[in-house]
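An overview of the molecular structure
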2 protein chains.
Amino acid sequence: NPPESEILSERQVILEERAQRTDNNPQARFGEQMDAALYTNHPYGTPVIGWRHEMEDLTREDAMDFYNRWYAPNNAILVVSGDVTGEEVLALAQKIYGGLEVADTPKRERTLSPPMLGENIIRMSHETIREPLIQMAYRAPSMRQDYKTALALEVLGDIMGGGSSSRLYQSLVVEQKIAANAGLYYRGDIWDDGEVLLYATPLPEQDLETLRDALHAELRKLIRDGISDTELSESIARLQAGAIFARDSLAGPAMLVGRAIATGQSLDQVEYWPQNLEHVTARDVQNAAKLYLNPDAPRDIPPVIGYLTPETEAAQ
Amino acid sequence: NPPESEILSERQVILEERAQRTDNNPQARFGEQMDAALYTNHPYGTPVIGWRHEMEDLTREDAMDFYNRWYAPNNAILVVSGDVTGEEVLALAQKIYGGLEVADTPKRERTLSPPMLGENIIRMSHETIREPLIQMAYRAPSMRQDYKTALALEVLGDIMGGGSSSRLYQSLVVEQKIAANAGLYYRGDIWDDGEVLLYATPLPEQDLETLRDALHAELRKLIRDGISDTELSESIARLQAGAIFARDSLAGPAMLVGRAIATGQSLDQVEYWPQNLEHVTARDVQNAAKLYLNPDAPRDIPPVIGYLTPETEAAQ
């Protein structure tokens, strides 16, 4: 039961964290606004750290209310990583946490985003931005919602956007020479809808609309022609190797497991992720693109396109 | 204490109301999406009737909870309009409602919109749209928040957008011949931030970007040169005449008073609105435009620009 002074100093700490990471970082502000547009009427539209004006109002009572409502052993995940056996951990866990009372934690009610018909575009300019940036955010199923599609999207993400050998990089940076960087990122370890994010930074002389058209063209090509069997098998092998490398630390796998369980996945889904990847087919990847990344088929929750530029002219 | 069946049939009624007014009306859907973008993290981003998927889930318990929480005499406004005296009404009100228990209605906590840096643009196309439309929504103080500025905005709204003699209509429709219609509307009878909405419909051959530039040009002119004394006095006279005509019904004034009180205004502010208008100066109108409708000065909560078109090409 912490004293008021401790609450106030902790509040100051998180406010400074927000100032450093977000308020003084136009790209982070841009990301917040993209999320707010992509997740209308949904908690993912609110940044995890909170909006500044609401953080400033947080009181000791708010903190205690939150603690009393959610902090209970039946609402906790304990992950132990290291040179231990399950039996040892279970015995210790029972000893240390076994006495805590099971609490009646409320059901987690989630609002859902309503369908929208219009495309949402964010244009932001800031004097401290050095390089223009285009982002396109599409909503797509999470691991919990649709494990099979999520695995296909992991493969899709690797083929389209995983580093300098990926399709987007090869097309926009190496071949067309219109971008300094380009990629795609899929976030599926989340409870509700995940997100596929495409991004690109233009070379000087190139405008963001050119990059938008080039990104759209790559999506259309993927939807039309799919991926080759070689692309598929190489990608699965790369992702599996990555999963093995990820075991080379104590904190990494613990984080992975904790995050997966917290977002509704099973331990088996985490454990057999490398094997499950092998069931993904080229058709699965093409279908996922068709269903969730089609720039020409309006969806209930349309993508958000964001343009971040150094000059103010973009605010047109 | 209504039976379950009555709840279900009432729910069907509001769902059909929503279907008719909104779901099957692309312009209403467009308005919802504009509001959601303009009022991030604020209840005004949610339509009053509700999002369809949430309405479908409403239960008898939800209705009763809402009723028990908010329906109390200390949270009600009784407006009686007609050939009565205050004394008669008070006696009847005491007799009819006096026995109801005062309830402990909770404080109405309102979330606020966080500051955003980027401009928000909505582009929507729908096959049933006959005429393209551009809308620009700016947030501006409500009557409750800033009565003086709100009065200036009422005058501004009349001069800029009040019918075919207004500046926007005269400029875009009559002189430049680029629009079939153009106007501006200020909504100030609201608890939190109000809204100034500019809109225009192009003549064939004209695109929406031309109208956007023309609307911006009119705002810049207003900010730079203000309004003339003649415009001011004629507008005030027009608004006062409107207030007198508004008394020519029973329901109209009752609605006006109820709405004003419910949104935090005082009876005096309603009663003396025509006289208070006379204190608005040309400078007040120019300042309100400068502070709240400046397309060139980024604000914490930037305007939303929406483009509604018949064709799908606008989804670029």
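1. Looking at the overall build of chain A
Each helix and strand counted, chain A has 13 helices and five strands in total. With the C-alpha coordinates aligned to their principal axes, the bounding extent of chain A is approximately 65 × 45 × 35 Å. When burial is assessed residue by residue, chain A has 42% of its 316 residues classed as buried. Taking all contacts inside chain A whose residues are at least 6 apart in sequence as the whole, residues at least 24 apart take part in 80%. Accessible surface for chain A amounts to roughly 17200 Å². Of this, 52% is attributable to carbon and sulfur atoms.

2. Overview of the relation of the copies chain A and chain B
You can overlay chain A on chain B at an RMSD of 0.0 Å; the transform is a turn of 180° with a shift of 0.0 Å along its axis. These values place the two chain copies in the arrangement generated by a two-fold rotation axis. Relative to the rotation axis, the closest C-alpha in chain A is found at I121 of chain A, a distance of 2.4 Å. Most of the interface of chain A is mirrored in chain B, where 100% of its interface residues are also at the interface.

3. Side note on the pairing of strand β5 (residues 304-309) of chain B
Residues and elements named next belong to chain B. Within β5, six of the six residues are buried, which leaves the element mostly enclosed by the surrounding structure. Burial along β5 is two-sided: the face carrying V304, G306 and L308 and the face carrying I305, Y307 and T309 are both buried. Pairing of strand β1 (residues 119-125) with β5 involves six bridges; the strand directions are parallel. Its bridge partner lying in β5, I121 is registered against I305.

4. Thoughts on the confidence of the model for chain A
Across chain A, the average pLDDT comes to 93, with 98% of residues at or above 70. As scored by the predictor, the complex reaches a pTM of 0.90 and an ipTM of 0.86.

5. Examining the packing of aromatic side chains
All names here are of chain A. Here the structure, examined in full by the defined rule, presents eight aromatic pairs over all chains. Ring centres of F66 and W70 lie 6.4 Å apart, and the angle between their planes is 50°; on these two criteria the pair is classed as tilted. Placement of both F66 and W70 in helix α4 (residues 60-70) is noted, with a separation of four residues, approximately one turn of the helix. With relative accessibility at 48%, the residue F66 sits in the partly exposed group.

6. So, empty space enclosed by the protein
For the structure shown, the criterion picks out two cavities of 30 Å³ or more. Its boundaries defined by the atoms lining it, the largest cavity holds a volume of some 80 Å³. Residue lining of the largest cavity: 14 residues in total, with A37, T40, M116, I301 and P302 of chain B positioned closest to the centre. Forming the boundary of the second largest cavity are A37, L38, T40, S113, P114, M116, G118, N120, I301, P302 and P303 of chain A together with Q33 of chain B.

7. Structural notes on unusual backbone geometry
You will see that E205 of chain A, though not glycine, has its phi angle at about 80°, which is positive. Note on placement: E205 of chain A falls in the loop between β4 (194-202) and α8 (208-225). On the accessibility criterion, E205 of chain A (82% relative accessible area) is exposed. The backbone phi angle of K177 of chain B is positive, close to 50°, even though this residue is not glycine. Counting through the fold element by element, K177 of chain B comes out in the loop between α7 (167-175) and β3 (179-187).

8. Digging into the interface of chain A and chain B
Each partner contributes residues to the interface: chain A has 28 residues there, and chain B has 28 residues. In this assembly, chain A packs against chain B so that about 2600 Å² is buried in total across both faces, 51% of it on carbon and sulfur atoms. Counting the contacts that link chain A with chain B gives zero salt bridges. At the junction of chain A with chain B, the criterion picks out 13 residue pairs in polar contact (both at pLDDT 80 or more). For the side of chain A that touches chain B, the elements supplying multiple residues, two or more each, are α2 (26-38), α3 (52-55), β1 (119-125) and α8 of chain A. Looking at the side of chain A that touches chain B element by element, the count peaks at six residues for β1 of chain A. Class assignment of the residues belonging to the side of chain A that touches chain B gives a composition of eleven nonpolar, eleven polar and six charged. Here β1 of chain A pairs with β1 of chain B via five bridges, running antiparallel. Each residue of the ladder has a partner; that of I122 of chain A, found in β1 of chain B, is N120 of chain B.

9. Examining the sheet that holds β3 of chain B
Strand order in the open sheet formed by ten strands is β3(A)-β4(A)-β2(A)-β5(A)-β1(A)-β1(B)-β5(B)-β2(B)-β4(B)-β3(B), with mixed pairing between adjacent strands. Each of the sheet's edge strands pairs with one partner strand only, and the pair in question is β3 (179-187) of chain A together with β3 of chain B. Pairs of neighbouring strands in the sheet enclose a mean axial angle of 15°, with direction left out of account. Contacts from α7 of chain B reach β3 and β4 (194-202) of chain B within the one sheet, and its direction differs from that of β3 of chain B by about 160°.

Calculation rules
Residues numbered from 1 in each chain as written. Chains lettered and ligands numbered in written order. Predicted model: local features only at pLDDT ≥ 70, side-chain atom pairs only at ≥ 80, totals over all residues. Heavy atoms only, no water. Helix = DSSP H or I, 4+ residues; strand = E, 2+ residues; numbered from the N terminus. Buried < 20%, exposed > 50% of the residue type's maximum accessible area, 1.4 Å probe, protein only. Contact = heavy atoms within 4.5 Å. Areas by Shrake-Rupley, 256 points an atom, 1.4 Å probe, with all protein chains shown as cover. Least-squares fit on C-alpha atoms with pLDDT ≥ 70 in both. Pairing = 2+ DSSP bridges. pLDDT = per-residue confidence, 0-100. Phe/Tyr/Trp six-rings, centres within 6.5 Å; stacked < 30°, edge-to-face > 60°. 1 Å grid on protein atoms, 1.4 Å probe; cavity = no way out; pocket = protein on both sides within 12 Å on 5 of 7 lines; lining within 4 Å. Points joined across faces, edges and corners; volume = space filled by probe spheres on them. Buried area = accessible area lost by both parts, 1.4 Å probe. Salt bridge = Lys/Arg side-chain N within 4 Å of Asp/Glu carboxyl O. Polar contact = N/O pair within 3.5 Å; in protein donor to acceptor, adjacent residues only side chain to side chain. Nonpolar A, V, L, I, M, F, W, Y, C, P; charged D, E, K, R; others polar. Axes fitted to C-alpha atoms, helices over the stretch in contact; angles between N-to-C directions.

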